[in-house]
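Read off the chains here:
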Amino acid sequence: MQKQSLNEQWRFHFGDPHEWWGYVPDVTGWRVVDLPHDWSIEQERDPANPCGASGGFFVMGRGWYHKTFDAPESWRGKKVFIEFEGVYMNAEVWLNGALLGRHPYGYTSFVYDLTPCLHIGGKNVLRVMVDNSYQRNSRWYSGSGIYRPVWLMVTEPLHIEPWGVYITMPEVRSDIALVRVETTVVNEMDIAQPVMVRNSIVTWDGTIVGVAETGAPLDPDGESIYAQDVWVTQPSLWSPDTPTLYRMETVVTVGDRIVDMATTPFGIRSLRFDAQEGFLLNGQPLLLKGGCVHHDNGVLGAAAYPRSEERKVELLKASGFNAVRCAHNPPAPAFLDACDRLGMLVIDEAFDCWRVGKNPGDYHVSFDDWWQRDLDSMLYRDRNHPSVIMWSIGNEVYERAGESNGVALARMLADHVRTVDPTRPVTSAINGGHNAWPWEQTDEVFAVLDVGGYNYQQRQYRPDHERCPQRVIYGSESTAKEAFEHWMDVLDLPYVIGDFVWTALDYLGEAGIGRTFFEDEPFTFLGQYPWHQANCGDLDLCGFKRPQSCYRDVLWGSGEPLYIAVHYPVPAGKTPKTTYWGWPDVDANWTWPGREGETFQVDVYSACEQVELFLNGVSFGVQPTTREQRFMATFAVPYAAGTLKVVGYNGGQPIAERKLCTVGAPTGIRLTPDRNRLKAERGDLSFVTVEVVDAEGRMHPHADHPIFFTVLGAGTLAAVGNGNPVSEEAYQGNQRRVYRGRCLAVVKASGEPGEIRLRAQADGLETAEVVIQVGK
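Thresholds applied
Every chain's residues receive numbers from 1 upward, in the order its sequence appears when written. Given that the model is predicted, a residue must reach a pLDDT of at least 70 before its local features are reported, and side-chain atom pairs must reach 80 or more before they are shown or counted; all residues, however, enter totals for whole chains, interfaces and linings. Water and hydrogen atoms were dropped before computing side-chain values, which therefore reflect all heavy atoms in the structure. Strands here mean DSSP runs of E at least two residues long; helices mean DSSP runs of H or I at least four residues long; both are numbered from the N terminus. Our radius of gyration is a C-alpha quantity, and the globule rule it is checked against amounts to 2.2 Å times the number of residues to the power 0.38. In what follows, a contact means two residues having at least one pair of non-hydrogen atoms within 4.5 Å. For every accessible area listed, the method is Shrake-Rupley and the probe measures 1.4 Å; residues are considered covered only by the protein chains on display. His is not counted, nor are the chain ends; Lys and Arg add positive charge and Asp and Glu add negative charge. Here the site of a charge means atom NZ of a Lys, CZ of an Arg, CG of an Asp or CD of a Glu. To pair, rings of Phe, Tyr and Trp, with the six-membered ring standing in for Trp, must have centres within 6.5 Å; the planes then decide the type, stacked if under 30 degrees apart, edge-to-face if over 60, and tilted in the middle. Exposure classes here rest on a 1.4 Å probe applied to the protein chains alone. A residue is buried below 20% of its type maximum, exposed above 50%, and partly exposed in between. Cation placement over rings: the criterion is NZ of Lys or CZ of Arg within 6 Å of the ring centroid and within 35° of the ring normal. Polar contacts, as counted here, are pairs of nitrogen or oxygen atoms within 3.5 Å of one another; within protein the pair requires one atom able to donate a hydrogen and one able to accept it, and residues that are adjacent in sequence qualify only if both atoms are side-chain atoms. Both cavities and pockets are sets of points on a 1 Å grid over the protein atoms alone; in a cavity a 1.4 Å probe fits but cannot get out, in a pocket the set is open with protein on both sides within 12 Å along at least five of seven lines, and lining residues sit with an atom within 4 Å of a point. Grid points are joined across faces, edges and corners, and a volume is the space filled by probe spheres set on the points. Ten residues, namely Ala, Val, Leu, Ile, Met, Phe, Trp, Tyr, Cys and Pro, are considered nonpolar, four, namely Asp, Glu, Lys and Arg, are considered charged, and the remaining ones, Gly among them, are considered polar. The rule for pairing is simple: two strands pair if DSSP sees at least two bridges between them. The angle between two axes is taken between their N-to-C directions and runs from 0 to 180 degrees, where each axis is a line fitted to C-alpha atoms and a helix contributes only its stretch in contact.

A. Looking closely at the overall build of the protein chain. The secondary structure content of the protein chain amounts to eight helices and 47 strands. Its C-alpha radius of gyration of 27 Å places the protein chain within 12% of the 28 Å reference for a compact globule of 776 residues. Seen along its three principal axes, the alpha-carbon backbone of the protein chain occupies a region of about 90 × 65 × 55 Å. Considering only contacts in the protein chain between residues 6 or more positions apart, those separated by 24 or more positions represent 71%. Here the protein chain has roughly 29300 Å² of accessible surface; of this, 49% comes from carbon and sulfur atoms. Treating the 69 positive side-chain charges of the protein chain as one cloud and the 99 negative ones as another, the clouds have centres 2 Å apart.

Structure representation (structure tokens):
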């Protein structure tokens, strides 16, 4: 099967073109865009936008896409398919004026057969209507448009079914593994064909380690599954620490002619979940250091570039995570590809609701008609990813306590998952009923599951184990403020296999769910405009590490063992509070000009037994920072410019230290690209950290300069942003303020080799420039 990108040079129109939906005669005035494309992130936020705080006050609405492409003579007699990885939402697709179909759900991939409507040897017109106008339909920022890639697939009438290769491992040992591959082949010809399927297991460096061949005739208009077993000796087992991948090379022949081929990456690994021993990967116990992640890519909005999806996984790995829960929908394929390559475990989740909705236009509208097709899309598409260890059938669904036929629905979904893929456990994330019913009422739904996900229910772990001793539990959502309690239970209770913070990465929408406010202010669950970021992530919207992530480093024993968190000063007479998902307003900052002598609260997060805090060499005493103190100490320190230093002790001996220094006045800009070499492919990205620094190169924590960007050469500026959750600036354009000293600029390759020159300027600061090579 030949697979080719269909992501370049689409025409786009926001709103209705006022002609018949199946045909628009003139699109010359429409914008030219490449995919992936999210039109919401381009638009101006407004408090009147109907998505409200849930959607971050972004514009949603309806949009149209138009694409022409040639169908060469070589396609005559072939089968041609199109795959949309994700369109949000209510997509309607036409080819040459013929409606191919409708796809309501914005998070599942779908495939159409273009063959009957193609004009072979001529131009073909593809048109997609995307309707995100019925608000509200999401509890977070969804984005709008064809926000994931689109592919054309060309093959013979006898071919491998899309997503038709299925690889499992019935037996895995350190010395040998049994790999089973099932290949679904479809014959759309009018006569039977003698089919031979050959599957070869190949290491990433090209060594063939196992081969199987199976031949059998395939009836006309028939479909058959060719099952084969292959033994692999001395397998390299996949894990987060050693994410070794193999390739399954599938070749289908009829006689001497190759009619189809497929390459499927996979990993060899075993899974076991047990209330006595916990989670075992390849026979070894492993605690899930997890985080929940929404689908958006921060400053890029929902647009799912392969590089932005990969970067998310890199950031999570760097912050100690080994597991991700996809909240609350199947992710982009590129995200799972990156999890496979880099070593990140995944809970792949299907739905945020079932029949009972949470918003007027959400998935409950489509559930009865679409649940099986959407579940199949997730299962068949994602079942070969070694990173995926559990299938989740829902998040906080209203039927979780058995109401509205909830037990039967849970059983229906779980049974269907096991029919398609019996190799992974079925889970669901279940929260309490806010006193509407007793927690024990969830037992019937939990009984349908293989592993129980608990949202904010850590207090139920022990009583539930007493009542249901075989239940395997994990914290499917927890808050940073309760990270200590949740992680200690993971360490202490073998039947609790991990914890997933809400959230690992910050996201757009659910505005201000994690915020600091003052006690005398009226409280609302979500923040009011201009709040538009959730502000609850361990990492902020740009991927910059926040203080709660540094505290988690201490709990997990990863990263730096010490962190100094200085509380921002509070106006006289005010008492700060944080929401349930918030974290105190602290920072690693000892630059407070004009506040000399004012007492600051300084928290130290510590993986050491004791810490001692010094200011300019003067000790403020030694405090224990063991589990009894929740690995934290608090000091009161009068401000004076200089060096704030903490020393960590074990057994009375210093083993670690950390310093904060008062920085000088801002003088310049520093640009740090995460990659200084890109592929000469449209859409390859470099994420450039932009910092305002003093004369010694230290970031200034109070800088808020507007930075003006210029891009020259083989690329464009795809996005700009910062971690300020109440900024009213746009995420696209050539200007962005730094927030607490830094912001982010995302540079996109235009497809030609050369170099990209990014220049950053600000009044009163020395200009900075960085060169990124493309295709060299």
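Picking up where we left off.
B. Spatial organisation of the packing of aromatic side chains. What the rule picks out here adds up to 41 aromatic pairs. Measuring from ring centre to ring centre gives 5.7 Å for Tyr 474 and Phe 500, while their planes differ by 70 degrees; the resulting arrangement is edge-to-face. Of the two residues, Tyr 474 sits in strand E27 (residues 473-478) while Phe 500 sits in strand E28 (residues 496-501), which places them 26 residues apart along the sequence. Residues Tyr 474 and Phe 500 agree in their burial class; the two are buried. In this structure an aromatic cluster arises from ring pairing among Tyr 88, Tyr 105, Tyr 107, Phe 351, Tyr 363 and Phe 367. In this structure, Arg 373 is placed above the aromatic ring of Trp 370, and the distance from its NZ or CZ to the ring centre is 3.7 Å.

C. Up close: the side chain of Asn 722. Mapped onto the elements of the fold, Asn 722 is located in the loop between strand E43 (715-721) and strand E44 (735-737). The class for Asn 722 is buried, based on a relative accessible area of 1%. Within the structure, Asn 722 has its side chain in polar contact with the side chain of Arg 736 (distance 3.4 Å). Those residues within four positions of Asn 722 in sequence are excluded, and the remaining contacts are Gln 533, Leu 541, Cys 542, Ser 727, Glu 729, Arg 736, Arg 737, Val 738, Tyr 739, Arg 742 and Cys 743.

D. Here's a closer look at empty space enclosed by the protein. Tallying each qualifying case throughout the model produces three cavities of 30 Å³ or more. Along its surface, the largest cavity is lined by 18 residues, and Asn 297, Gly 298, Lys 312, Leu 505 and Leu 541 are the ones closest to its centre. When residues of the lining of the largest cavity are assigned to their parent elements, the largest contribution, four residues, is made by helix H1 (residues 306-318). Among the residues forming the lining of the largest cavity, the class breakdown is eight nonpolar, five polar and five charged.

E. View of the sheet that holds strand E17 (residues 257-266). The antiparallel open sheet is built from four strands, whose spatial order is E14-E13-E16-E17. Since the sheet does not close on itself, it has two edges, and those belong to strand E14 (208-218) and E17, each with one partner. Direction aside, neighbouring strands of the sheet carry axes that sit 15 degrees apart on average.

F. Spotlight on the environment of Gly 537. Residue placement: Gly 537 occurs in the loop between strand E29 (516-518) and helix H8 (547-556). For the pair formed by Gly 537 and Ser 549, sequence separation is twelve residues and the distance between their alpha carbons is 8.5 Å. Discounting chain neighbours no more than four positions away, the residues touching Gly 537 are Thr 503, Ala 504, Leu 505, Asp 506, Arg 546 and Gln 548.

G. Spatial organisation of the sheet that holds strand E38 (residues 653-661). The strand order across the open sheet built from four strands is E35-E34-E37-E38, with neighbouring strands paired in antiparallel fashion. Two strands bound the open sheet, and with one partner strand each, they are strand E35 (618-624) and E38. Geometrically, the sheet is characterised by an average inter-axis angle of 20 degrees between neighbouring strands, direction not taken into account. Pairing geometry for strand E37 (residues 643-650) and E38, over eight bridges, is antiparallel. By the bridge assignment for E38, Val 647 is matched with Glu 657.

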